[in-house]
Amino acid sequence: MAEHSVPEAWMARALMLAHRGRYTTDPNPRVGCVLVRDDRVVGEGWHQRTGEPHAEIHALRAAGQQARGATAYVTLEPCSHYGRTGPCDLALVEAGVTRVVVAMQDPNPRVAGRGIARLREAGIEVAVGMLEEEALSLNPGFVMRMSHGRPFVRLKMAMSLDGRTAMRSGESQWITGPQARREVQRLRARSSAILTGVESIIFDNARLTVRPEQLELPEGEALAARQPLRVVVDSRLRLPLAAACLREPGRTLVATLDDHDPERRERLEAAGAEVVTIPAGPDGRVDLDALLRHLAETEQANEVLLETGATLAGAMLEAGLIDEMQLFVAPTLLGGEARPLFELPGLSLMAQQKGLEILDIRAVGDDWRITARPVRPRAPSSSAIAQ
């Protein structure tokens with residue numbers, strides 16, 4: 001079979017390989033590479049863990065001398081700088097690869113076209129853009145952090161069929177079944193950080209951890225070593241000193257306002273919390289956009305999983321800081337006095353409703369999972385502005 005008839009298949013294979021690193025590469029992007037020579041794969045690899053060789057290096061090692069004269073299909077532009085590992089563009093040149101097909105350019109300013117340019121300068125043919133949308137969807141957090149300076153925020157909520165998340169008392173375990181809870185564990189495992197509000201901790205005493213035994217994945221044991229950063233928005237430092245999240249493996253970051261209560265801060269830090277000061281927003285509480293930018297810059301957070309109650313969820317939605325929603329819907333009713341999905345004060349007209357674009361709906365055990373994203377308000381056209 002001629003190579004030119006199946007290039008998308010080779011890139012699709014590279015994307016599948018990259019997907020294997022979805023739980024382990026953070027804060028690096030997920031990348032796959034396939035080396036093809038004489039219409040067959042001679043080497044392949046994916047980036048497995050931060051600090052370890054990149055996808056191209058694994059593929060080149062697998063190919064050995066057969067890499068000379070081969071075409072490399074790479075899901076992300078080969079890096080051109082020295083970090084924990086050497087530059088991959090140079091490795092491809094030295095291996096004698098004659099053609100490189102790149103799904104997408106690297107949004108990292110340290111690369112951003114330099115790897116492609118250096119390959120071309122070395123006489124290697126480079127094509128860019130094959131299965132680009134698929135490559136972008138593989139690394140939404142990395143792209144968001146590099147392009148916009150904040151993480152990709154994915155909201156997860158479990159609700160009843162009538163849109164309620166907990167009883168009036170705060171009781172919420174369990175609305176959904178074990179299959180849905182397993183999917184939530186997978187969402188946690190792929191995230192850099194889990195973001196919640198202090199009231200969620202006060203009511204549920206949530207641990208906010210990845211529990212490998214619930215993942216049902218072959219990588220489960222390796223994942224046990226990496227717990228996402230737990231982030232609690234707590235403007236008034238109300239986090240209980242005995243909160244379960246402070247005793248779990250991994251770090252718990254408490255985001256609060258400047259000099260709110262120095263003594264309380266010291267006690268929380270002694271209990272295991274890391275307290276960080278974030279500027280106040282217009283409402284006098286922690287500025288959520290500033291917090292996300294802090295997580296991107298200081299913690300290199302790519303994907304943040306928002307697991308919280310109606311107040312913080314509503315505030316994040318109002319601020320335009322939710323990029324995707326994972327809503328798990330159980331076939332049950334909790335009634336009008338139960339807690340809602342979002343607190344959105346001030347909505348009184350149909351024109352003020354918050355639109356969603358449904359991306360996917362599928363069954364998860366006895367429940368349903370809805371994947372959606374908020375519809376961003378359209379900017380006025382130039383003609384409207386002129387009027």
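Note that the structure is predicted; figures quoted are calculated from it, not measured.

### Thoughts on the nonpolar core
Within the largest apolar cluster, 44 residues are counted, with the highest numbers of intra-cluster contacts made by Met 11, Leu 35, Leu 60, Ala 72 and Val 100. The greatest single-element share of this core, amounting to six residues, is contributed by helix 1 (residues 7–19). Residues contacting Ala 72, with those up to four places away along its chain left out, are Cys 33, Val 34, Leu 35, Leu 92, Val 97, Arg 99, Val 100 and Val 101. By size, the runner-up hydrophobic cluster in this structure holds 36 residues, among which are Met 159, Val 233, Leu 257 and Leu 344.

### Describing the UniProt feature "binding site: substrate" (unreviewed entry) in the protein chain
With numbering aligned to this structure, UniProt lists the feature "binding site: substrate" (unreviewed entry) at Ser 172, Arg 188, Leu 208, Arg 211 and Glu 307. Within the fold, Leu 208 resides in the loop between helix 8 (198–204) and helix 9 (220–223). Leu 208 gets classed as buried once you look at its relative accessible area, which sits at 3%. Other than its neighbours up to four places away in sequence, Leu 208 contacts Arg 188, Ile 194, Thr 196, Ile 201 and Arg 230.

### A look at the state of the cysteines
Per the stated rule, a full pass over the model turns up zero disulfides. Free of any disulfide, Cys 33 has its nearest cysteine sulfur in Cys 88, 8.6 Å distant.

### Looking at the UniProt feature "binding site: Zn(2+)" (unreviewed entry) in the protein chain
Here the UniProt feature "binding site: Zn(2+)" (unreviewed entry) sits at His 54, Cys 79 and Cys 88. For the residues just named, distributed over 35 residues, the greatest C-alpha separation is only 9.1 Å, placing them together at one site. One can find His 54 in the loop between strand 2 (40–46) and helix 2 (55–63). Setting aside its immediate chain neighbours within four residues, Cys 88 contacts His 54, Glu 56, Ile 57, Pro 78 and Cys 79.

### Notes on the sheet that holds strand 15 (residues 356–364)
Strand order across the open sheet formed by nine strands is 11-10-9-8-12-6-13-16-15, with mixed pairing between neighbours. The sheet is open, and its two borders are formed by strand 11 (274–277) and strand 15, each paired with just one other strand. Pairwise comparison of adjacent strand axes, ignoring direction, gives a mean angle of 25° for this sheet. Where strand 8 (residues 193–197) and strand 9 (residues 229–233) come together, five bridges link them in parallel fashion. The residue of strand 9 that forms the bridge with Ala 193 is Leu 229. Here helix 12 (residues 310–318) sits on the sheet and contacts strand 6 (152–160), strand 8, strand 9, strand 12 (303–306), strand 13 (324–330) and strand 16 (367–374); the angle it forms with strand 6, its principal contact strand, is near 135°.

### What about the layout of surface pockets?
One number sums up the size of the second largest pocket: a volume of about 1,100 Å³. What lines the second largest pocket is a set of 36 residues, and nearest its centre among them are Ser 137, Pro 140, Phe 152, Arg 154 and Glu 324. Looking at the lining of the second largest pocket, the elements that each hand over two or more residues are helix 1, helix 5 (132–138), helix 6 (140–148), strand 6, helix 7 (178–189), strand 13, strand 15 and strand 16. Each residue belonging to the lining of the second largest pocket can be placed in one class, and the counts come to 13 nonpolar, five polar and 18 charged. Residue assignment places the lining of the second largest pocket across two domains, with domain 1 (6–139) and domain 2 (149–374) each supplying three or more.

### A word on helix 7
Residues lying three or four places apart along an α-helix face the same way, a consequence of the helix completing one turn every 3.6 residues. Helix length check: helix 7 (12 residues) gives 16 Å between terminal C-alpha atoms against 16 Å at 1.5 Å per residue, within 8%. Burial in helix 7 covers these residues: Ala 180, Glu 183, Val 184, Gln 185, Arg 186, Leu 187, Arg 188 and Ala 189.

Each value, and the rule that gives it
- Here the residue index of a chain counts from 1 through its sequence in written order.
- Local features in this predicted model are restricted to residues of pLDDT 70 or higher, and side-chain atom pairs are both shown and tallied only at a pLDDT of 80 or more, whereas totals for entire chains, interfaces and linings draw on every residue.
- Computation of side-chain values: all heavy atoms of the structure, hydrogens and water removed.
- Among the buried residues, those of types Ala, Val, Leu, Ile, Met, Phe, Trp, Tyr and Cys that are joined through side-chain atoms within 4.5 Å form a nonpolar core.
- Burial classes: relative accessible area under 20% of the type maximum marks a residue as buried, over 50% as exposed, and values in between as partly exposed (1.4 Å probe, protein chains only).
- Helix numbering and strand numbering both begin at the N terminus, where a helix is a DSSP run of H or I of at least 4 residues and a strand a DSSP run of E of at least 2.
- Here, two residues are considered to be in contact whenever any of their heavy atoms come within 4.5 Å of each other.
- UniProt positions are given in the numbering used here, feature names are shortened, and annotations may be inferred rather than shown by experiment.
- Criterion for a disulfide: a pair of cysteine sulfur atoms at a distance within 2.5 Å.
- The pairing criterion is simple: DSSP has to find at least two bridges between the two strands.
- A fitted line through C-alpha atoms serves as each axis, taken over the contacting stretch for helices, and the angle formed by two N-to-C directions is quoted from 0 to 180°.
- Cavities and pockets were defined on a 1 Å grid built over protein atoms only: a cavity is a set of grid points that admits a 1.4 Å probe from which the probe cannot escape, a pocket is an open set flanked by protein on both sides within 12 Å along at least five of seven lines, and lining residues are those with an atom within 4 Å of any such point.
- Grid points are joined across faces, edges and corners, and a volume is the space filled by probe spheres set on the points.
- Residues were grouped as follows: Ala, Val, Leu, Ile, Met, Phe, Trp, Tyr, Cys and Pro as nonpolar; Asp, Glu, Lys and Arg as charged; and all remaining residues, including Gly, as polar.
- An automatic or database domain assignment supplies the start and end points of every domain.
- Working rule for helices: expected span equals 1.5 Å times residues minus one.

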